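# Structural features, examined
Okay, here's what each chain looks like letter by letter:
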Amino acid sequence: MTQILSPASSLRGTVSLPADKSISHRSAMLSALADGTCRIHNYPQSADPQSTLEVLRGLGVSMRRDDDDVLVIEGVGIDGLRPPDAPLDCGNSGTTMRLMSGILAGQPFGSVLTGDDSLQQRPMKRIADPLKAMGGRVILVDDHAPIRLRPSRDGLSAIKYRLPMASAQVKSCVLLAGLYADGRTTVVEPTRCRDHTERMLGLETHEVGGVREIYVDGGHRIDPRTWTVPGDFSGAAFFMVAASITPDSDILFKNVGLNPSRTALIDVLIDMGADIRVEKERAEGSEPIGDVRVSSAPLEGVSVGGRVIPNLIDEIPVLAVAAACAEGQTVIRDAEELRVKETDRLHAITENLRAMGAQIEERPDGLVIDGNGPNLLGTTVDSFDDHRIAMAMGVAACVAHGETQIRGAECARVSFPSFWGELDRVTTPR
Ligand code: S3P
């Protein structure tokens, strides 16, 4: 599908967000492993969280939507999953594949996890290494999926694992495998990344000198409970930038997830001069949430790198759009992980913004963007089959001169199926 967008004169109103993708996956997996019936409010229809449900169904977990559209999952307990009778398809979802690998490495039966072309090109050695160190039997194809998991010979053993990269998927994979290990598994996290798994499992953590350790005991039981998934901060990010760079805009998000390991984009945009106010901060279960209001403001270039990067890793494509519309230079460093996302996002955003006339240079670990105010030109760009690239280009289209065509825009359904409709609804055309 090619999405054709005209420039906007303003964005105004309340944006309805999909539920947070990261928290959705985890709520479904932990519900499936709980000792009884769990309920999940606001479980999204987005393709990635639906892939997780499909995989759990393949492992014998029953679920249904009740009359109030609440997802009810019949937890089977950590030892209650059943052998699948076919490969488990994770679609485009790296979180499904990497977290489920941790769970499946501890099972007394074999399984195969597979996914679409993009997922089969993403690095999986990063999870196979710690799982093998625990005694898991993990077979990859040239370090990629399909992932074959065999029952371990003597069960999994607890390890102390220092994360070689700031990846919440790797961390969560090891913690979930730790449920099945003999003893206490420790994950050492030199650079903090999103912490939903440890929050949702209620795990003990300890921090010394900026290095955090997270502990999970083998056999840890999961009590049945009701989850409410907050609005997706990473989905809100697109509209935060769109409202900042489009004149005369004022956008509100309600009940958006505000976990500090996810919200660094707010701090960076405020450093750039953005007008963002967080209101009604409160807790929703183990996660902080609140309302966020964003109004247009002139932006200036900024320099970002180091420990902040994992806390805005998914927001960098749209941050690049903000930078292209700011005055002055923006430098983004230490973001080489973007090269192994659904596509090489450093390359994809560079190609697209350059096609729209932006001054952007691709570096091995980041980007240098010479912002030129809102001087982008509408043209035809590609989604690279990556939801966050497609939506970032939708934001650029708001301020471009002339029409923008985004090829392959349907991939927004991976995390934000109503994105194009919401953008249209809150936008007044120029
Ligand atoms: C996620 C972790 C991040 C992020 C992804 C979701 C998660 O990936 O980019 O969208 O839910 O744990 P990495 O762990 O590869 O950094």
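Residues numbered from 1 in each chain as written. Predicted model: local features only at pLDDT ≥ 70, side-chain atom pairs only at ≥ 80, totals over all residues. Heavy atoms only, no water.

## Some details on the side chain of Ser234
This is how the line gets drawn: Helix numbering and strand numbering both begin at the N terminus, where a helix is a DSSP run of H or I of at least 4 residues and a strand a DSSP run of E of at least 2. For the purposes of these results, a polar contact is taken to be a pair of N or O atoms within 3.5 Å, where, inside protein, one atom must be able to donate a hydrogen and its partner to accept one; residues adjacent in sequence count only when each atom of the pair is a side-chain atom. Only heavy atoms matter for contacts: two residues are in contact if any of them lie within 4.5 Å across the pair.
Looking at where Ser234 falls in the secondary structure, it is placed in helix H7 (residues 233-245). Only 3.0 Å separates the side chain of Ser234 from the side chain of Arg262, close enough to count as a polar contact. If we ignore the near neighbours within four places in the chain, the residues touching Ser234 are Arg262, Asp314, Glu315 and Arg388.

## Section: helix H9 (residues 316-324)
To be explicit about the condition: Exposure is judged per residue with a 1.4 Å probe applied to protein chains only, and the accessible area is read against the type maximum: over 50% gives exposed, under 20% gives buried, and values in between give partly exposed.
In terms of burial, H9 is a largely internal element, nine of the nine residues being buried. When H9 is considered as a whole, its buried residues turn out to be Ile316, Pro317, Val318, Leu319, Ala320, Val321, Ala322, Ala323 and Ala324.

## Some points on the domain arrangement of the chain
In many analyses, interface size is given as the accessible surface area lost on bringing the parts together. Note the following rule: Domain start and stop positions are those given by an automatic or database domain assignment. Here the buried area means the combined drop in accessible surface, using a 1.4 Å probe, for two parts upon being joined, counting both sides.
The domain architecture assigned to the chain consists of domain 1 (2-18 + 230-429) and domain 2 (21-227). A separation of 29 Å is found between the C-alpha centroids of domain 1 and domain 2. The partner domain 2 presents 27 residues to the 27 residues of domain 1 that form the contact. Each partner contributes to the roughly 2100 Å² buried at the junction of domain 1 and domain 2, and carbon and sulfur atoms together form 45% of this total. Where domain 1 packs against domain 2, one counts 15 residue pairs in polar contact (both at pLDDT 80 or more).

## Brief notes about the pairing of strand E14 (residues 204-208)
The test is simple: By the convention used here, strands pair only if DSSP detects at least 2 bridges between them.
Bridging between E14 and strand E15 (residues 211-217) involves five bridges; their strand directions are antiparallel. Bridged to Glu204 within E15 is Tyr215. Two successive antiparallel strands, E14 and E15, enclose a turn made up of two residues, where Gly209 displays a positive phi of approximately 55°.

## Looking at helix H11 (residues 387-399)
H11 sits mainly inside the fold: 13 of its 13 residues count as buried. The backbone nitrogen of Arg388 has a side-chain oxygen 2.9 Å away, supplied by the residue at the start of H11, namely Asp386.

## Re the packing of helix H3 (residues 94-105) against helix H4 (residues 125-133)
This is how it is decided: A fitted line through C-alpha atoms serves as each axis, taken over the contacting stretch for helices, and the angle formed by two N-to-C directions is quoted from 0 to 180°. Working definition: roughly parallel below 35 degrees, roughly antiparallel above 145 degrees, roughly perpendicular at 65 to 115 degrees, and oblique for all remaining angles. Handedness of a crossing is defined here by the sense of rotation of the near helix relative to the far one, left-handed for an anticlockwise turn of less than a right angle and right-handed for a clockwise turn. Polar here means any residue outside two lists: the nonpolar Ala, Val, Leu, Ile, Met, Phe, Trp, Tyr, Cys and Pro, and the charged Asp, Glu, Lys and Arg; Gly therefore counts as polar.
It is the contact of H3 with H4, at a shortest axis distance of 10 Å, that shows an interaxial angle of 20°. Compared by their axis directions, H3 and H4 come out roughly parallel. Where H3 crosses over H4, the handedness of that crossing is right-handed. Contact residues: H3 offers Arg98, Ser101, Gly102 and Ala105, while H4 offers Arg126, Ile127 and Leu131. Per-class residue counts for the contact of H3 with H4 are three nonpolar, two polar and two charged.

## With respect to the packing of aromatic side chains
Rule in force here: A pair of Phe, Tyr and Trp rings is counted when the ring centres sit within 6.5 Å of each other, with Trp represented by its six-membered ring. The angle between the planes then sorts it: under 30 degrees is stacked, over 60 is edge-to-face, the rest tilted. Only lysine NZ and arginine CZ atoms are considered, and such an atom sits over a ring when it is within 6 Å of the ring centre and within 35 degrees of the ring normal.
Scanning the model with the defined rule gives five aromatic pairs in all. Here the aromatic rings of Phe239 and Phe416 are separated by 6.1 Å at their centres, their planes lie at 55°, and the arrangement is tilted. Residue Phe239 is located in helix H7, and its partner Phe416 is located in the loop between strand E25 (404-407) and helix H12 (419-426); the two are separated by 177 residues in the primary sequence. One aromatic cluster in this structure is built from Phe238, Phe239, Phe416, Phe419 and Trp420. Cation over ring: Arg225 sits above Trp227, and NZ or CZ is 3.6 Å from the ring centre.

## Side note on the sheet that holds E14
Reading across the sheet, the four strands line up as E11-E13-E15-E14 and stay open at both edges, with mixed pairing between neighbours. Strand pairing shows two members of the sheet lacking a second neighbour, strand E11 (160-162) and E14, which therefore form its edges. Going across the sheet, the axis of each strand differs from the next one's by a mean of 20°, ignoring polarity. Relative to strand E13 (residues 184-189), E11 runs parallel, the two being bridged by three bridges. Bridge assignment links Arg162 to a residue of E13, and that residue is Val188.

## A word on the sheet that holds strand E16 (residues 226-228)
Two strands in a sheet stick together by hydrogen bonds in their backbones, pointing the same way (parallel) or opposite ways (antiparallel). A sheet is described by the order of its strands in space; here four strands give the open sequence E4-E5-E3-E16, paired in mixed fashion. Since the sheet does not close on itself, it has two edges, and those belong to strand E4 (63-65) and E16, each with one partner. The sheet shows a mean angle of 20° between the axes of neighbouring strands, taken without regard to direction. Taken strand by strand, helix H2 (residues 47-58) contacts E4 and strand E5 (71-74), and its axis lies near 140° from that of E4.

## Quick look at the site of the ligand
Selection rule: We define proximity as follows: a residue is near a molecule or strand when any one of its heavy atoms falls within 4 Å of that partner. Only the protein chains shown count as covering a residue, and every accessible area follows the Shrake-Rupley method with a 1.4 Å probe.
Neighbouring residues of the ligand: Ser22, Arg26, Thr95, Arg98, Ala166, Ser167, Ala168, Gln169, Arg194, Ile313, Asp314 and Lys341. A distance of 2.7 Å is found between an oxygen atom of the ligand and a side-chain nitrogen or oxygen belonging to Ser22. Here an oxygen atom of the ligand and a side-chain polar atom of Asp314 are 2.6 Å apart. Considered on its own, the ligand offers 390 Å² of accessible surface; in the complex 95% of this is hidden by protein. The set of elements that each furnish at least two residues to the shell around the ligand consists of helix H1 (21-32), H3 and helix H5 (168-178). The class makeup of the residues in the shell around the ligand is three nonpolar, four polar and five charged.

## So, the packing of H7 against H9
Orientation of H7 relative to H9, taken along the N-to-C sense of each, is 5°, at an axis distance of 9 Å. Of the possible angle classes, the one that applies to H7 and H9 is roughly parallel. Between H7, through Ala237, Phe238, Val241 and Ile245, and H9, the contact on the second element is made entirely by Val318, Val321 and Ala322. Among the residues forming the contact of H7 with H9, the class breakdown is seven nonpolar, no polar and no charged.

## A look at the pattern of salt bridges
Pairs may arise between side chains of opposite charge once their charged atoms sit close together. Filter applied, for reference: A pairing counts as a salt bridge when a side-chain nitrogen of Lys or Arg comes within 4 Å of a carboxyl oxygen of Asp or Glu.
Applying the stated criterion across every chain yields a total of 38 salt bridges. Lys171 is the salt-bridge partner of Glu198, the closest N and O atoms lying 2.8 Å from each other. Residue Glu198 is found in helix H6 (residues 196-201), and its partner Lys171 is found in helix H5; the two are separated by 27 residues along the sequence. Classification of Glu198 by relative accessible area gives buried; the value is 3%. Of the charged contacts, one joins Arg345 and Asp314 as a salt bridge, the two residues approaching to 3.7 Å between their closest N and O atoms. Here Arg345 is found in helix H10 (residues 345-355), whereas its partner Asp314 is found in the loop between strand E20 (303-304) and H9, with 31 residues between them in sequence.

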